[in-house]
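# Reading the structure
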Amino acid sequence: MELTVAEGGKRAARPSRWAGVPRWARVCTYLGVVLMVLSGGALIGYQALLARYEGAVGKGDLFGDGAAGASAPRRSDVKGPLNILLVGIDPRNSTTPPLADSIMIMNIPAGLDRAYLFSIPRDTLVDVPAFPKAGYSGGQTKINSAMARGSNVPGQPNKPNVAQGFELLSKTLAGYTGIERFDAGAIINFTGFKKIVDAMGGVDLYVDERTRSEHLQPDGTPRRLKPGGGGYTGPQKVYEVGQHHLAGWEALDFVRQRYGLKDGDYARQRHQQQFLKAMADQALSLDVVTNPTKLDAVLRAAGKSLVFDGRGNSIADFGFALRNLRSQSISMIKLPGGGVTSSGGKYQGEALQPVAEEFFAAVRGNTVETFLAAHPELLSKKL
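A short tour of the structure in this document, coming up.

Our next topic: helix 4 (residues 162–177). When the terminal C-alpha atoms of helix 4 are compared, their 22 Å separation across 16 residues agrees well with the 22 Å that a helix rising 1.5 Å per residue should span. Inspection of helix 4 places Ala-163, Gln-164, Gly-165, Phe-166, Glu-167, Leu-168, Leu-169, Ser-170, Thr-172, Leu-173 and Thr-177 among the buried residues, and these make up the whole buried set. Where helix 4 is buried, its residues meet strand 4 (82–89), strand 5 (102–108), strand 7 (125–128), helix 3 (144–150), strand 9 (184–189) and helix 11 (354–364). Downstream of helix 4 by a residue or two, Gly-178 has a phi angle that is positive, lying close to 85 degrees.

This paragraph deals with the sheet that holds strand 4. In spatial order, the strands read 3-16-9-4-5-6-17; together these seven strands make up an open sheet with mixed pairing. Each having just a single partner strand, strand 3 (58–59) and strand 17 (330–333) make up the two edges of the open sheet. Bridge count between strand 3 and strand 16 (residues 306–309): two bridges; the pairing is parallel. Within strand 16, the residue paired with Lys-59 across the bridge is Phe-308. This element, helix 4, spans strand 4, strand 5 and strand 9 of the sheet and lies at about 130 degrees to strand 4. Set on the sheet, helix 11 makes contact with strand 4, strand 5, strand 6 (115–119) and strand 17; between it and strand 6 the angle comes to about 145 degrees.

Turning to the pairing of strand 7, a few remarks are in order. Alternating residues of strand 7 divide into Val-126 and Val-128, all buried, and Leu-125 and Asp-127, none buried. Bridging between strand 7 and strand 8 (residues 139–142) involves four bridges; their strand directions are antiparallel. Bridging from a neighbouring strand, Leu-125 pairs with Lys-142 of strand 8.

Evaluated as defined, the whole model comprises eight salt bridges. Here Asp-123 makes a salt bridge to Arg-122, at a shortest N to O gap of 3.5 Å. For the pair Asp-123 and Arg-122, one class covers both residues: buried. Here Glu-240 makes a salt bridge to Arg-210, at a shortest N to O gap of 3.0 Å. Linking Glu-240 in the loop between strand 14 (238–239) and strand 15 (242–246) with Arg-210 in the loop between strand 10 (203–207) and strand 11 (211–212), this pair joins segments that are 30 residues apart in sequence.

This paragraph deals with the packing of aromatic side chains. Within the structure shown, the criterion is met by eight aromatic pairs. Geometrically, the ring pair formed by Phe-359 and Phe-371 is tilted, given 6.1 Å between the ring centres and 55 degrees between the ring planes. Taken together, the residues span a long stretch of sequence, with Phe-359 in helix 11 and Phe-371 in helix 12 (residues 368–374) at a distance of 12 residues. Phe-371 carries the same exposure label as Phe-359, and that label is buried. Through a chain of ring-to-ring contacts, the aromatic side chains of Phe-118, Tyr-176, Phe-359, Phe-360 and Phe-371 assemble into a single cluster. Arg-311 extends its terminal NZ or CZ atom over the ring of Phe-63, reaching a point 4.1 Å from the ring centre.

This paragraph deals with the side chain of His-215. The residue His-215 is located in the loop between strand 11 and strand 12 (224–225) in this model. Within the structure, the side chain of His-215 is placed 3.1 Å from the side chain of Gln-257, a separation counted as a polar contact.

Reading guide: rules and limits
Residues numbered from 1 in each chain as written. Predicted model: local features only at pLDDT ≥ 70, side-chain atom pairs only at ≥ 80, totals over all residues. Heavy atoms only, no water. Helix = DSSP H or I, 4+ residues; strand = E, 2+ residues; numbered from the N terminus. Expected span 1.5 Å × (residues − 1). Buried < 20%, exposed > 50% of the residue type's maximum accessible area, 1.4 Å probe, protein only. Contact = heavy atoms within 4.5 Å. Pairing = 2+ DSSP bridges. Axes fitted to C-alpha atoms, helices over the stretch in contact; angles between N-to-C directions. Salt bridge = Lys/Arg side-chain N within 4 Å of Asp/Glu carboxyl O. Phe/Tyr/Trp six-rings, centres within 6.5 Å; stacked < 30°, edge-to-face > 60°. Lys NZ or Arg CZ within 6 Å of the ring centre and 35° of its normal. Polar contact = N/O pair within 3.5 Å; in protein donor to acceptor, adjacent residues only side chain to side chain.

Here you go:
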């Protein structure tokens, strides 16, 4: 159970971390980590495929420093420690400002052979700085809306700039976590997620808790909205406890679910972490890396789902630098938090517990391993 923090310090109970209407494909940006793993370990000796993958990956000036794109000069070799910002979006259409449905930071120590991945709840209340290029004066709001506010192009209300929105989100996160500079960033478009899984031939995953789909029927078709709203009706797709081979639509559906799970959204986060591990292992399996046709399909599908900014270094540069990183050396961090409510009991957003502040300090000081030895409860165990 989570604790809510009311105005004046009052605490109350709240069962779920991310409130609100369920969003399509609220999938973890762990996919970005898979892309990093793929571009490293799987591609040694596959130079032709690497070139095609590199060409498929979208480029964007995500930090507003002009360091992205084909014309940008290459910086020095990628060296650790690194902090990479991964953001997942589910664009409804090109005219709707993007919301950051999933926000992840990947911390990689100097040795570049292990990593720590942690999320910032999308409803976290933060101070968003003023952003003149979007005509935004700043204020306190939920962090997922920082990207939408930053994407505004004055005079062009129906043409949001996603890369510009990422820039404001990164500035907001820098202020919130104290991480002054992100070494790379990526936007993951969830609409391509199913194609990646299907290109791999599906993914094997052990389901550790019976999970009922809020959104899909057993055959994968959408459930009907109840008349007048307020949820869905009709038969539900069910994922029973045990080993499963999930197709793309099943994988995307499974990692979305939180209703009916014992720990609500905490369980969904756990399932997303488990799926990352399974997906990375599948991507690096002999079935994929020794099959040039399948590998090419996987990489091209992944490339089309990604916009990357390495601040002067390409995704291939990062891939080579992270060639020794494997799924088993990526530690998933769970930062505890609770809902913030008004004095009248109205939900306002989320706030992480004080231990998160200590963890951020460890990230800044490059002492995460030592910190986690003293706080093993922050490591996700069920993987």
